[in-house]
There are 2 protein chains.
Amino acid sequence: MLSDDKPFSNVTIKDVAKVAGVSHATVSRVINNTTKVADDKRERILDAMDRLGYVPNMQARSLAGGRTKVIGLLVPDIGNGYTGTIIEGIDAELSAHDYDMMLYTTHHRKVKEPIYVQSLTQGMAAGLLLLLPVDPSAYLEGLRRKKFPYVVIDHQGFDNFSSTVGATNRQGVYDGITYLIELGHRRIGFVSGPDMMSCSMERLAGYRAVLNDQGISYDDRLIVPGNHTQLGGYKACVQLLDLEKPPSAIFAANDVSAFGVIDAARARGMHIPDDISIMGFDDIPQAGWMTPALTTVRQPLFAMGRQAAKMLFEFIEEPKGPMRRLQLSTELVIRETCARFKDI
Amino acid sequence: MLSDDKPFSNVTIKDVAKVAGVSHATVSRVINNTTKVADDKRERILDAMDRLGYVPNMQARSLAGGRTKVIGLLVPDIGNGYTGTIIEGIDAELSAHDYDMMLYTTHHRKVKEPIYVQSLTQGMAAGLLLLLPVDPSAYLEGLRRKKFPYVVIDHQGFDNFSSTVGATNRQGVYDGITYLIELGHRRIGFVSGPDMMSCSMERLAGYRAVLNDQGISYDDRLIVPGNHTQLGGYKACVQLLDLEKPPSAIFAANDVSAFGVIDAARARGMHIPDDISIMGFDDIPQAGWMTPALTTVRQPLFAMGRQAAKMLFEFIEEPKGPMRRLQLSTELVIRETCARFKDI
DNA sequence: TACTTTCATGAAAACGTGTTCATATTGACG
DNA sequence: CGTCAATATGAACACGTTTTCATGAAAGTA
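Residues numbered from 1 in each chain as written. Chains lettered and ligands numbered in written order. Predicted model: local features only at pLDDT ≥ 70, side-chain atom pairs only at ≥ 80, totals over all residues. Heavy atoms only, no water.

Asker: How should I be thinking about the overall build of chain A in this particular structure?
Answerer: Regarding its fold elements, chain A presents 14 helices and 12 strands. Rg of the C-alpha trace for chain A: 26 Å, well past the compact-globule value of 20 Å for 344 residues, more than 25% over. Counting only residues that meet the buried cut, chain A has 55% of its 344 residues in that class. For chain A, long-range pairs separated by at least 24 residues make up 69% of all intrachain contacts whose partners lie at least 6 apart in sequence. When the accessible surface of chain A is summed, it comes to about 15,000 Å², and 51% of that surface belongs to carbon and sulfur atoms. (Helix = DSSP H or I, 4+ residues; strand = E, 2+ residues; numbered from the N terminus. Rg over C-alpha atoms; globule rule 2.2 N^0.38 Å. Buried < 20%, exposed > 50% of the residue type's maximum accessible area, 1.4 Å probe, protein only. Contact = heavy atoms within 4.5 Å. Areas by Shrake-Rupley, 256 points an atom, 1.4 Å probe, with all protein chains shown as cover.)

Asker: Before we go on, may I ask you to explain the relation of the copies chain B and chain A in this structure?
Answerer: Mapping between the two chain copies consists of a rotation about an axis together with a translation along that axis. Superposing chain B onto chain A takes a rotation of 180 degrees plus a shift of 0.1 Å along the axis, which leaves an RMSD of 0.2 Å. What we have between these two chains is a two-fold relation. Closest approach to the rotation axis within chain B is made by the C-alpha atom of Met290 of chain B, at a distance of 1.6 Å. (Least-squares fit on C-alpha atoms with pLDDT ≥ 70 in both.)

Asker: How do you make sense of the packing of aromatic side chains when you look at a structure like this?
Answerer: Where two aromatic rings form a pair, the distance of their centres and the angle of their planes describe that pair. Residues and elements named next belong to chain B. The tally for this structure, following the rule as stated, stands at 8 aromatic pairs over all chains. Seen from their ring centres, Phe190 and Tyr207 are 4.9 Å apart, and the 35 degrees between their planes marks the pair as tilted. Remark: Tyr207 occurs in helix α10 (residues 198-214) and Phe190 occurs in strand β6 (residues 188-192); sequence separation between them is 17 residues. A residue is classified by how much of its surface remains accessible, and Phe190, at 0% relative accessible area, is buried. (Phe/Tyr/Trp six-rings, centres within 6.5 Å; stacked < 30°, edge-to-face > 60°.)

Asker: What's the story with the pairing of strand β9 (residues 277-282) of chain A in this structure? I'm lost.
Answerer: Residues and elements named next belong to chain A. Taken across its 6 residues, β9 has 6 buried, putting it largely inside the fold. Both strand β8 (residues 249-252) and β9 contribute to a ladder of 3 bridges, which runs parallel. Residue pairing in the sheet places Ile250 in a bridge with Ile278 of β9. Handedness of the crossover is the feature at issue here: the chain leaves β8, passes through helix α12 (residues 255-267), returns alongside β9, and the resulting connection is right-handed. (Pairing = 2+ DSSP bridges. Right-handed = clockwise from strand over helix to strand, strands pointing away.)

Asker: How should the state of the cysteines be read in this particular structure?
Answerer: By definition, a disulfide links two cysteine residues through a covalent bond between their sulfur atoms. Residues and elements named next belong to chain A. One pass over the structure, following the stated rule, counts 0 disulfides over all chains. Among the cysteines around Cys237, which has no disulfide bond, Cys338 carries the closest sulfur, lying 13 Å off. On the basis of relative accessibility, which here comes to 0%, the residue Cys237 falls in the buried class. (Disulfide = S-S within 2.5 Å.)

Asker: Explanation requested: the interface of chain B and chain A in the structure shown.
Answerer: One frequently used descriptor of interface size is the decrease in accessible area upon assembly of the parts. Between chain B and chain A, the contact holds 53 residues from the first and 53 residues from the second. In total, about 4,600 Å² of surface goes out of reach between chain B and chain A, with carbon and sulfur atoms giving 56% of it. Summed over the shared surface of chain B and chain A, the number is 0 salt bridges. Where chain B touches chain A, the interface holds 17 residue pairs in polar contact (both at pLDDT 80 or more). Of all the secondary structure elements, the ones that give two or more residues to the side of chain B that touches chain A are α5 (58-63), α6 (81-96), β2 (100-105), α7 (112-124), α8 (137-146), α12 (255-267) and α13 (285-289) of chain B. The biggest single contributor to the side of chain B that touches chain A is α7 of chain B, with 10 residues. Considering only residue class, the side of chain B that touches chain A consists of 24 nonpolar, 19 polar and 10 charged. Relative to β2 of chain B, strand β2 (residues 100-105) of chain A runs antiparallel, the two sharing 3 bridges. (Buried area = accessible area lost by both parts, 1.4 Å probe. Salt bridge = Lys/Arg side-chain N within 4 Å of Asp/Glu carboxyl O. Polar contact = N/O pair within 3.5 Å; in protein donor to acceptor, adjacent residues only side chain to side chain. Nonpolar A, V, L, I, M, F, W, Y, C, P; charged D, E, K, R; others polar.)

Asker: Sorry if this is basic, but what is going on with the protein's contact with DNA strand C here?
Answerer: In the neighbourhood of DNA strand C, 27 residues make up the surrounding shell, with Ile13, Ser28 and Tyr54 of chain A together with Thr26 and Arg29 of chain B lying closest. Atoms of DNA strand C within 4 Å of the protein: sugar and phosphate make up 67%, bases the balance. Within the backbone of Asn57 of chain A, one N or O atom sits 3.2 Å away from a phosphate oxygen of DNA strand C. For DNA strand C, a phosphate oxygen lies 2.8 Å from a polar atom in the backbone of Ala38 of chain B. The set of elements that each furnish at least two residues to the surface near DNA strand C consists of α2 (13-20), α3 (24-32) and α5 (58-63) of chain A together with α3 (24-32) of chain B. Of the residues in the surface near DNA strand C, the class split is 12 nonpolar, 9 polar and 6 charged. (Near = heavy atom within 4 Å.)

Asker: Quick question: what am I supposed to make of the side chain of Asn254 of chain B here?
Answerer: When you line up the elements, Asn254 of chain B lands in the loop between β8 (249-252) and α12. Beyond its immediate stretch of four places on either side in the chain, Asn254 of chain B contacts Arg203, His228, Phe281 and Asp282 of chain B.

Asker: Any chance you could explain the sheet that holds β9 of chain A here in plain terms?
Answerer: Each strand in a sheet pairs with another by means of backbone hydrogen bonds, the pair being arranged parallel or else antiparallel. Residue and element names in this part refer to chain A. Here we have 6 strands laid out as an open sheet, ordered β7-β6-β8-β9-β10-β12, and mixed in their pairing. Each edge of the sheet is formed by a strand with only one pairing partner; in this case those strands are β7 (223-225) and β12 (331-333). Averaged over all neighbouring strand pairs, the angle between strand axes comes to 20 degrees, with direction disregarded. Its contacts with the sheet place helix α11 (residues 230-241) against β6 (188-192), β7 and β8, and it is angled at close to 145 degrees to β7. (Axes fitted to C-alpha atoms, helices over the stretch in contact; angles between N-to-C directions.)

Asker: Can you walk me through the protein's contact with DNA strand D in this structure?
Answerer: Contacts to DNA strand D come from 26 residues, most closely from Thr26 and Arg29 of chain A together with Ile13, Ser28 and Tyr54 of chain B. When atoms of DNA strand D within 4 Å of the protein are sorted by moiety, sugar and phosphate together comprise 66%. For DNA strand D, a phosphate oxygen lies 3.3 Å from a polar atom in the side chain of Lys41 of chain A. Broken down by secondary-structure element, the contributors of at least two residues to the surface near DNA strand D are α3 of chain A together with α2 (13-20), α3 and α5 of chain B. The element best represented in the surface near DNA strand D is α3 of chain B, accounting for 5 residues. The residue inventory of the surface near DNA strand D, partitioned by class, reads 12 nonpolar, 8 polar and 6 charged.

Asker: Please explain the packing of α11 of chain A against α12 of chain A as it appears in this structure.
Answerer: Relative placement of two packed helices is described by the angle separating their axes and the distance separating the axes. Residue and element names in this part refer to chain A. Packing of α11 against α12 brings their axes to within 6 Å, and their N-to-C directions diverge by 45 degrees. Judged by the inter-axis angle, α11 sits oblique to α12. The two elements α11 and α12 meet at a crossing, and its hand is right-handed. For the pair α11 and α12, contact is made by Gln230, Gly233, Tyr234, Cys237, Val238 and Leu241 and by Val256, Ser257, Phe259, Gly260, Val261, Asp263, Ala264, Ala265 and Ala267, respectively. Within the contact of α11 with α12, the residues separate by chemical class into 10 nonpolar, 4 polar and 1 charged. (Parallel < 35°, antiparallel > 145°, perpendicular 65-115°, else oblique. Left-handed = near helix turned anticlockwise from the far one by under 90°.)

Asker: For this particular structure, what's the right way to read the domain arrangement of chain A?
Answerer: When the domains of chain A are assigned, the result is domain 1 (2-56), domain 2 (70-167 + 301-325) and domain 3 (169-300). For domain 1 of chain A and domain 3 of chain A, the distance between their C-alpha centres works out to 61 Å. (Domains from an automatic or database assignment.)

This is the structure we're talking about:
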């Protein structure tokens with residue numbers, strides 16, 4: 001067994017060809033199933049590949065114009081449950097198709113995005129998954145012209161030509177706030193996300209819409225930026241509690257900032273949900289683990305990742321396929337951080 | 001500006017050469033700083049690269065034998081805080097060095113590892129980071145012979161030739177159990193991890209050692225497999241509580257299984273920590289978020305990832321450098337899930 | 001000026017694969 | 001048996017880069 005002697009001898013298609021007594025072109029044909037190859041030769045080639053422990057060289061393959069079985073994934077950051085859960089969903093679908101993943105972290109740095117995209121589309125990847133892109137205008141146009149398969153996750157509204165997977169942000173907040181109103185709350189604080197993210201805008205729109213529909217007066221001092229971070233949530237909550245007439249309930253635009261809100265409320269000696277009701281958005285894993293467990297609007301992160309990957313594969317199959325926009329529905333998850341309004 | 005006209009025209013080194021009026025070899029020299037190039041030509045080349053929006057083709061570069069600025073990362077799975085936090089640490093160091101990451105998820109499937117490693121070492125990656133490899137014997141030998149830079153994270157003991165980064169698993173458990181004993185506990189359950197992981201064995205060894213040192217009788221019915229999963233922890237806890245003389249405290253070999261233990265205890269109507277003390281290992285982010293917050297042995301996951309990447313870069317610089325083994329120290333994080341033993 | 005030495009630069013080969021094109025071989029049909 | 005169509009296969013080129021090698025020019029020395 002040669003493979004035992006030299007496990008990393010970088011055996012190439014030509015080595016296989018020599019052993020099997022054919023040309024390397026024929027080996028390539030067997031690998032890719034492009035044309036008919038005589039049964040005996042095919043047999044010999046397969047056998048030689050096995051004996052030599054042949055592993056195709058991805059770089060050469062993609063350089064020569066072949067399929068790569070790699071998809072590129074651009075994310076703003078890693079580590080928090082949000083990105084992690086989505087990646088998990090993507091990964092599930094990818095490995096079902098035997099694809100691998102090239103992961104690029106932009107660290108929210110706008111400049112990096114176009115370069116990464118450019119590099120990925122030069123043959124490295126068969127398709128692209130963009131999570132929460134900051135400023136895609138620079139390259140989306142080019143991707144489309146190239147008919148390069150890509151799907152945008154959780155960012156909608158910057159154009160109408162990209163296929164996207166998202167959640168019903170507006171409706172989700174609408175449902176959540178409606179629930180708070182049903183509990184008797186009238187002054188409801190809103191800790192918003194980054195302005196430049198369209199999901200932030202949609203969530204805020206949901207807040208505004210429900211107040212309007214229910215005829216509740218709108219006070220813009222109740223809307224405070226939280227930037228989707230725990231610290232941001234903390235500061236926002238402090239600001240809200242310092243108001244002359246503080247809210248009896250606070251809706252945070254994502255779970256992470258809701259954690260900050262809870263920290264701040266507790267720092268004031270408040271009990272949750274007795275003294276104040278708090279609701280988040282996302283339902284990341286840790287939302288269910290804390291005590292009291294966070295009432296939140298569930299965004300199906302795993303499913304979003306999975307669906308996006310699934311959609312991407314359809315485009316890889318059929319690059320001219322029609323644009324698609326998928327909105328997975330959110331769901332209000334009632335746990336323990338919201339209670340009926342008690343006048344003090 | 002050509003770059004505005006054709007953002008994705010795949011401009012190559014030859015295009016740059018033509019515009020600058022030199023040969024493509026010279027362009028390559030400028031890019032890689034290999035030999036002196038006349039100042040005026042260098043200037044023209046840089047200018048042309050900028051105007052055309054040149055982005056090097058990774059595949060071609062690695063195929064031709066150049067440096068890749070990519071490191072390969074093999075992980076068993078994603079999504080849970082454990083892997084996520086380590087990846088975050090790795091990512092921090094990588095982006096500081098301007099490197100990118102090729103992520104492979106083995107999904108605990110043993111067969112996949114050698115193929116991935118083979119593929120990565122064929123020029124795709126400059127180095128390899130192996131997180132919790134299952135059966136590295138198949139390829140580590142080859143990596144070493146090739147002098148291919150790699151670092152193993154959180155798996156020690158399978159050989160003495162690989163550079164590794166880990167934590168003081170044994171000492172961590174020793175400290176944790178000592179604390180439980182100080183609280184008065186004598187019957188302490190242990191929910192163990194997978195047998196084949198050496199960190200599991202070390203943690204179990206720490207448990208045995210402290211009992212021995214403190215002269216506490218050892219009862220092997222108190223050791224139950226939990227497999228590092230939440231469900232496994234749940235089942236293990238059920239088994240422990242069903243014992244004739246159930247433990248007054250349970251140490252779970254990792255946080256995720258501790259969550260399962262807590263679920264099971266609560267399902268029995270027990271209060272934590274009043275009725276039973278529970279301690280975990282890892283200190284993944286969600287350990288601090290839950291209520292009551294989990295008392296656990298902190299494993300510096302972020303730092304482990306970061307240090308591993310740092311070490312890998314040293315090997316990439318100097319492939320013949322000496323093997324290194326780094327053990328980062330664990331730390332007992334006392335929160336709310338452990339209380340003084342109360343006889344009933 | 002003539003000869004050697006240095007050195008920047010272009011031509012060309014290499015990396016491993018996919019693919020086109022021509023050719024040898026087979027088979028069929030009259 | 002001869003001609004033509006069909007088809008499997010090998011030779012050669014392409015992909016974009018790095019690197020070696022040879023060459024020409026410039027520079028230095030006598």
